[in-house]
Amino acid sequence: MNILSKTMIACVGLALAACTQPEYLQGVDGNGAGSGAYGSGSAQDPTSPLYFQQTVGDRVLFAVDQSTISPEGAATLDGQAQWLMTNTAYSAIIEGHADEQGTREYNLALGARRANAVQEYLLSKGVAGNRMKVVSYGKERPLEVCSDEACYNKNRRAVTVVSAIPNS
Amino acid sequence: MGKAAEAGRTRGLDRVNTGQIISGVGHLGLIAFALFGGAFQSEPLPMEVSEVTAISSEDFALLMAQTQAPDAVANVDTPEPPEAGEAVPDLTSDTDETPVVAQPEVAEPDVPDEAPDVAELAPPEAEVTDEAPVLQPPSEEVAVLPEINPESQPRPADVIAPEAVEAPEPDVRIDDVDQQETQPDEAETVVEDEQEETARQETTTEIVTEAEEEEDAPIAPTASVRPVARPSRPVEEPAEEVVQDVPSTENSSVEDALAEALGTTQTETRPAGPPLTAGEKDALRLGVQQCWNVGSLSTDALQTIVVVAFQMTEDAKPVANSIRMVSSSGGSSSSAQQAFDAARRAIIRCGARGYDLPAEKYDQWREVEITFNPENMRIK
Amino acid sequence: MMKHVLTLLAAFLIGATPVAAQDSQPLKIIVDQGVIEPLPFAVPDFVAGSSASAEYARNIARVVSADLSGTGLFREIPSNAYISQITSFSSPVQFADWKAINAEALVTGFVNVDASGKLVVQFRVYDVFAGQEMSQGLQFVGTPDGWRRMAHKVADEVYKRITGEGAYFDSRVVFVSETGPKNQREKRLAIMDYDGANVSYLTDSSSIVLAPRFSPSGSQVLYTSYESGFPRINVLDVSNVARRALEGQDGTMSFAPRFAPDGRTVVYSLTRGGNTDLYTMDINTGASQRLTNAPSIETAPSFSPDGSQIVFESDRSGTPQLYVMSSGGGEATRISFGKGRYGTPVWSPRGDYIAFTKQSKGRFHIGVMRTNGSEERLLTASFLDEGPTWAPNGRVIMFTRETAGASGASSLWSVDITGRNLRQVATNTGASDPAWSPLQN
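Residues numbered from 1 in each chain as written. Chains lettered and ligands numbered in written order. Predicted model: local features only at pLDDT ≥ 70, side-chain atom pairs only at ≥ 80, totals over all residues.

Visitor: An account of the sheet that holds strand β5 (residues 367-372) of chain B is needed here, citing residue identities and associated values.
Guide: Read across the sheet, 4 strands follow the order β4(B)-β3(B)-β5(B)-β1(C) without closing on themselves; strand pairing throughout is mixed. The sheet terminates laterally at β4 (324-329) of chain B together with β1 (27-31) of chain C, the two strands that pair on one side only. Between one strand axis and the next, the sheet turns by 20° as a mean value, whatever way the strands run. Here 5 bridges tie β5(B) to β1(C), and the two strands are oriented parallel to one another. Its bridge partner being in β1(C), B:I370 is matched across the sheet by C:I29. Each of β5 of chain B together with β1 of chain C touches helix α6 (residues 278-289) of chain B; the most contacted strand, β1(C), lies at about 50° to it. Relative to strand β3 (residues 305-311) of chain B, helix α7 (residues 333-350) of chain B is tilted by about 40°, and along the sheet it contacts β3, β4 and β5 of chain B. (Pairing = 2+ DSSP bridges. Helix = DSSP H or I, 4+ residues; strand = E, 2+ residues; numbered from the N terminus. Axes fitted to C-alpha atoms, helices over the stretch in contact; angles between N-to-C directions. Contact = placed C-beta atoms within 7 Å.)

Structure (structure tokens):
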């Protein structure tokens, strides 16, 4: 609750439209990881998570039932890898998602495939494996809520959520 | 009603052997004590209604752990909806699932077990109830059949029958046979038969699942309203059919003679007459199958073929207590009873007014043996 | 004179056995067509032993009636059609009065609160047209606040006697209660009676919970929780909501758990490095065993009731299909061959059918097939139906139905395995992922 409201306050303060997007919440869902990830810095600060999210691009999209990285996706991930290599104080959780067209269990596994594909790509670009974790939300956290392809293609995604590595 | 109830109950209990009662009550008490003793020792917790407080999930769990024993909530119909957005455990309805009733005691013979004897009382005054008990449309499906034009569809009617029957006029009583209204003033000979118009209940010929319904849905514009069979084949002779079978002298002397010959009082053979024609047999078959309702049978009982034998009176009514199961096959042994019950209901219900059988061939149908084979009635 | 002749004639006829024997042959016919319709029944309010039990007497009769009607196999005759009333439990029933309103079955009962405060319920079931009681009267004793369970027990007994099918009314359903918009759905575990009454919550909504499953005894529930930030399998004790996470390894996700009939083995999916395979784990020792080893997705496993086999979903062929393998793993046999994608197979408690979710032409269906894949039959169709669960008697299936669009919501539905009697299960919130308990004792 606390973390959530902090995040919300930070978001409101920055007046970011993107704050309505739920994956901010996902980072804190349950375990509190990612605390304050977007609470500091600005989109202009290239070392800030906001910059990562907005300018580098934190997500890649997938075709129906697929987990292969598209050329556009690869370009985004190149940027992510670069950012992570530069900003070594951050770790990443890669969230895989699916659209609602599928059973719950299958979509969890499919989301995991997508998250994993991103992780593999980042690994191949030199990001250390121990800075990355993957998680799948299946169809539990859609970004867009309509029930047609316009929304589905935005929901079939893997989102890289970066957060500062705790000092300890 | 209290008094009557009390009186009736006492009578019923008197029939039970006292020893059984004592033993039964003792055992029950013991078992019940073992099961619920604990529950009665502690006071039920007061019921908290919808207190929304912020407590941690640990506290929640703890609390739940404490509440487990007696379940204090009697109001079960409408549990409070949880507050949306409140990450707070809802304390309204009891969480503890410790079986509340715990095993209600199943005490088999604790209730006096002989069925009360029932004298066949006079039939219900021939005044047919106005209240059609049946008529409500198949409302069981709570709605939302997706985007299908109801008019172009064979509706999944409540009733599956060998032939489709269209929905009857609204004020027609549903019965097992189609029946035309009879003129009440025809003749004073017609005693019981001021027949109100009846029709068989609307039926369809097969089970249409939601999925199948969708399949045949909007494809062709011809989406044919399936069976438009003429709904009611009027049954012709309901009124005059009151054959007042007064045995002729000849007949009775035959019977007497026969009784003499057999040394019994049993009424036997008149000239048997020619065998039933296929059409006559069919009439009986059709008569029974209208009432053979397998809709409430288990899937197992639907695998069970039963052969049922019974006697008919001369006015073609089945003798209820003569109906017996000759044999059964398929299914499991336990399903034969339900299969037989359904067959018996069919024979009695559709025979209540007498089957359509030629009186002069009584000896051909005095004894009837029907094989009820549900093979075609299973889900395919 | 005439009489003598006749006597002789009769004697002759009887002596001439071939003819006579033929005459005494019963008329034999075969009936192989009938009707399938709900059986009309009457459940008058039970007779109350005292004013203290009057309300129970009425309410129990109502619940019994609702249970029976809810199956779709029975149709209640409303009390305003009754010709006679039941005012005494042990007086003879006036069958003619019940025949006249076409009540084929009649249930009568007596309810009393005894000196020790216990609720005593007696009942009888009559086959009205046969003019007989079906089996014997029975009596249940319990605490008054458990009157609903006692009513379900009565209804179970009636249902068994008339249909020959196993009981299922005295059962519970654990499910996921859903509130909030589609993209921020709050989910918490809840449990209720099979008919939607007596809801209580087992978890709060602080983290996503998915797909609860009962243990064979009904005392425990397995489910997937994001409490740790990652999907992990928890086991929860229904009686006190105490819960713990099953052993798990960092960097993996585990989900889709189900108990084996032995009540201690759990089969589930574990994802490592993007690949999802099936494992079993001993719930007490935490010892796990890998069952499949393929680059494809293997998930949604379900044991056969005898514990010897597992049916599961795999996309090893390119699309998700159903497979059966030995419960120890090894080679799997594909059983689904229709057009479309198959998922969430669940073995019937009777062992005769497998229920599944099928996705085809943009629609979702709940269907059943024989355990070898034959006789596939789709029972429902909608924008999104999924996750079937079996009633304890293997006759009814409950599942999740979700509506489309931004305001899409989930609800629970049930359907008879014949495909008839599709109906929504009443819940106060959105609801998904139902799992039917075994019959309570």
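Let's pick the thread back up.
Visitor: Describe the packing of helix α3 (residues 49-57) of chain A against helix α4 (residues 71-86) of chain A, and please don't skip the residues or the numbers.
Guide: Residue and element names in this part refer to chain A. In the contact formed by α3 and α4, the axes pass within 9 Å of each other and the chain directions differ by 150°. Considering their axes alone, α3 and α4 lie roughly antiparallel with respect to each other. For the pair α3 and α4, the sense of crossing is right-handed. Contacts between α3 and α4 involve F52, V56 and G57 on the former and, on the latter, T76, G79, Q80 and W83. For the contact of α3 with α4, the class distribution of residues is 3 nonpolar, 4 polar and no charged. (Parallel < 35°, antiparallel > 145°, perpendicular 65-115°, else oblique. Left-handed = near helix turned anticlockwise from the far one by under 90°. Nonpolar A, V, L, I, M, F, W, Y, C, P; charged D, E, K, R; others polar.)

Visitor: Could you give an account of the UniProt feature "domain: TolB N-terminal" (unreviewed entry) in chain C, naming the residues involved and the relevant values?
Guide: Mapped onto this numbering, the UniProt entry gives "domain: TolB N-terminal" (unreviewed entry) at residues 28-134 of chain C. Taken end to end, residues 28-134 of chain C comprises 21% helix and 31% strand; its first and last C-alpha atoms sit 27 Å apart. (UniProt positions renumbered as here; feature names shortened; annotations may be inferred.)

Visitor: Tell me what's going on with unusual backbone geometry, and back it up with residues and numbers.
Guide: Phi angles above zero are rare outside glycine, and B:A316 is one such case at about 65°. Its location among the elements puts B:A316 in the loop between β3 and β4. Even without being a glycine, C:T344 presents a positive backbone phi close to 40°. Summarising the element assignment, C:T344 is placed in strand β24 (residues 341-347).

Visitor: Report on the sheet that holds strand β30 (residues 410-416) of chain C, specifying residues and quantitative values.
Guide: Residues and elements named next belong to chain C. Strand order in the open sheet made by the 4 strands is β28-β29-β30-β31, with antiparallel pairing throughout. The strands lining the two open edges of the sheet, one partner per strand, are β28 (384-390) and β31 (423-425). Taking each pair of neighbouring strands and ignoring which way they run, the sheet shows an average axis angle of 35°.

Visitor: Let's hear about the packing of helix α3 (residues 54-70) of chain C against helix α5 (residues 147-163) of chain C: which residues, and what values?
Guide: Residues and elements named next belong to chain C. Two numbers describe how α3 lies on α5: the axes approach to 8 Å, and their chain directions differ by 45°. It follows that α3 is oblique to α5 by the angle criterion. Viewed along their axes, α3 and α5 form a crossing whose handedness is right-handed. Contact with α3, carried on its side by Y56, N59, I60, V63, V64, D67 and L68, involves W147, R148, M150, A151, H152, V154, A155, V158 and Y159 of α5 and no other residues of that element.

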